[in-house]
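So you can see what is in the structure, the chains are spelled out below.
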Amino acid sequence: MLLTITTTHNPATDLGYLLHKNPTKLHSFELSFGKAHVFYPEATAERCTAALLLDVDPIGLVRGKRGQHEGGTLDQYVNDRPYVLSSFLSVAMGRAFGTAMSGRSKGRQELADQAMPLTATLTVVACRAGEGLIRELFEPLGYSVSTEHHPLDEKFPEWGEGPYYSVTLAGTFRLQDLLNHLYVLVPVLDAEKHYWIGKDEVEKLLRKGEGWLASHPHKEAIVKRYLPRQRQLAREALARLAEEDNPDPDATEEAHSEEETKMEEPIRLWQQRMGAVVAVLRSVEAKRVLDLGCGEGKLLRALLDEKSLTEIVGMDVSYRSLEIASQRLRIDRMPTKQKERLKLMHGSLMYRDKRLAGYDAATVVEVIEHLDAPRLSAFERVLFEAARPKTIIVTTPNCEYNVKFETLPAGKFRHKDHRFEWTREQFKQWSRQLSERFGYAVRFLPVGEEDPQVGAPTQMGVFSLG
Ligand code: SAH
């Protein structure tokens, strides 16, 4: 069984650095079930591929375990275990790529933290649930997935197709993310035959799933298949994931409006923000607009007044905020014409969503600072790669300005739910790498009165497709 990971990051040989495995050498490990080898079929500055080959010893697998498996003796020796990617792969990855999976890098932390184009090929997986499951597991994380279904036996096409697929997964991720996704999801694909289980499996699952599993739309299926026949453990894992996923997004948001608005009120910042966003939408002559993370609908109200807009969609992950928006905008009492222009949608910016495709513009006002790093990188692909509106307007606090808020203690964020607040330079860097990665042009606009030293209170990036 073979896993390869390819990058075209420049220089691509950085992959060797991240994996702690020199590309010019062969690295071999003894494992209880066979041998693992890491080698590089190609390693140039443009393109580098690392391969992890597992040489599973079917005889070693059975030794000392007589009677544990059902089925005849032949079955114990002749089966697909040596050839399909399974929990053995995860064990080998843990041994071979442990440091890379933790995301730590001694000399080059910034490299480990960087998302880069990565392609993984899995040769082969056994997925009795079919190709649909492969897609369900990987696509919500932002992978483009392609599969090749293998016939049971090429010489006997009438036997039909078996459960075996070659799978290619491509996307832009931190290497750590890709490795952790594979570590958890490969055994999930292979659930029927996956037979390690101990109490520490829950810990392992939660650790490797940190930052992505709790918000995965199929997390229940993942946990159950990862811990097969262990209902109690699966329940425990799901309960802990629910806590991690911040079960009550509404609670933080109600607090958000009060605190932050109070502080920004004297400089009428949100009014200026709305004004700036509307001005850009006018200048690009947008007609169909998404307001992503629309909250309680302040911007939506301003957008409804813009006669040139024919379709306005507000989306938020917080159902409660959408209810408030609906009440404040008095949707139930709106004239039909007005009602037809506006749609409120419950959804998350973490997942690709076909409903978001094809719009002229999307506004993301004071939302990104609520997303932690792995979610931010999912959001980037969801919006810039999948939804891909012609214009994207992003606003976020400029933290250099915070010294001017008298009530805000030094070093504190404007709101407790903010995961970060960026300087102007940080925002520019983030925006520029996005614009390069996804082929948008970007320009920056200050919002609110600009201070000569610390800049304006809000910063805005306007991304446009050429
Ligand atoms: N744009 C609004 C609200 C900003 S507060 C305004 O300017 O007033 C941030 C909003 O982002 C909240 O309403 C929150 O529920 C929403 N949000 C946070 N994470 C989200 C996600 N993953 N998907 C969609 N909305 C999200």
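Residues numbered from 1 in each chain as written. Predicted model: local features only at pLDDT ≥ 70, side-chain atom pairs only at ≥ 80, totals over all residues. Heavy atoms only, no water.

## A closer look at the overall build of the protein
Counting secondary structure elements, the protein contains 18 helices and 14 strands. Across the 466 residues that make up the protein, the buried fraction comes to 52%. Here the protein displays about 22200 Å² of accessible surface, and carbon together with sulfur accounts for 51% of that area. In the protein, 62 side chains carry a positive charge and 66 a negative one; their mean positions are 1 Å apart. (Helix = DSSP H or I, 4+ residues; strand = E, 2+ residues; numbered from the N terminus. Buried < 20%, exposed > 50% of the residue type's maximum accessible area, 1.4 Å probe, protein only. Areas by Shrake-Rupley, 256 points an atom, 1.4 Å probe, with all protein chains shown as cover. Lys, Arg positive; Asp, Glu negative; His and termini not counted. Charge placed at Lys NZ, Arg CZ, Asp CG, Glu CD.)

## What to know about unusual backbone geometry
Of the consecutive residues N10 and P11, the connecting peptide bond is found in the cis state with omega at 0°. Topologically, P11 is positioned in the loop between β1 (2–7) and α1 (14–19). Following T123, the chain continues into V124 via a peptide bond in cis, with omega recorded as -10°. Along the chain, V124 falls in strand β5 (residues 116–126). Located in the positive-phi region is R330, a residue other than glycine, with phi close to 50°. On the basis of relative accessible area, R330 is assigned to the partly exposed category, the value being 46%.

## Considerations on the pattern of salt bridges
For the structure shown, the criterion picks out 24 salt bridges. Two residues, R414 and E264, come together in a salt bridge whose shortest N-O distance is 3.3 Å. Here R414, found in the loop between β12 (391–397) and α18 (424–438), pairs with E264, found in helix α12 (residues 249–264); they are 150 residues apart in sequence, far enough to count as distant. By the burial criterion, R414 is buried, and E264 matches it. The closest approach of N and O atoms between R419 and D417, which form a salt bridge, is 2.9 Å. Residue class for R419 comes out partly exposed when judged on its relative accessible area of 38%. Residue classification places D417 among the buried positions, given a relative accessible area of 9%. (Salt bridge = Lys/Arg side-chain N within 4 Å of Asp/Glu carboxyl O.)

## As for the sheet that holds strand β3 (residues 34–43)
Here 7 strands make up an open sheet; going across it, the order is β2-β3-β4-β1-β5-β7-β6 and the pairing antiparallel. Each of the sheet's edge strands pairs with one partner strand only, and the pair in question is β2 (27–31) and β6 (144–151). This sheet shows a mean twist of 15° between the axes of neighbouring strands, independent of strand direction. Across 5 bridges, the pairing between β2 and β3 is antiparallel. Looking at the pairing, E30 lines up with K35 of β3. Of the strands in this sheet, β1, β2, β3 and β4 (48–56) touch helix α4 (residues 87–96), which is tilted by about 125° from β4. (Pairing = 2+ DSSP bridges. Axes fitted to C-alpha atoms, helices over the stretch in contact; angles between N-to-C directions. Contact = heavy atoms within 4.5 Å.)

## Here we look at the site of the ligand
The ligand sits among 17 residues. The nearest are G293, G295, D316, L349 and V365. Measuring from a nitrogen atom of the ligand, one finds a side-chain N or O atom of S348 at 3.4 Å. Here a nitrogen atom of the ligand sits 2.8 Å away from a polar atom, N or O, in the main chain of L349. Contact with the protein chains hides 91% of the accessible area of the ligand, taken as 570 Å² for the molecule alone. Of the residues contributing to the shell around the ligand, the split by class is 7 nonpolar, 7 polar and 3 charged. (Near = heavy atom within 4 Å. Polar contact = N/O pair within 3.5 Å; in protein donor to acceptor, adjacent residues only side chain to side chain. Nonpolar A, V, L, I, M, F, W, Y, C, P; charged D, E, K, R; others polar.)

## What to know about the layout of surface pockets
The computed volume of the second largest pocket comes to approximately 690 Å³. Around the second largest pocket, the lining comprises 18 residues; the ones closest to its centre are D113, Q114, W422, W430 and Q433. When contributions to the lining of the second largest pocket are tallied by element, the ones reaching two or more residues are α17 (373–387) and α18. Its residues assigned to classes, the lining of the second largest pocket comprises 7 nonpolar, 5 polar and 6 charged. There are two domains that each give the lining of the second largest pocket at least three residues, and those are domain 1 (2–195) and domain 2 (249–465). (1 Å grid on protein atoms, 1.4 Å probe; cavity = no way out; pocket = protein on both sides within 12 Å on 5 of 7 lines; lining within 4 Å. Points joined across faces, edges and corners; volume = space filled by probe spheres on them. Domains from an automatic or database assignment.)

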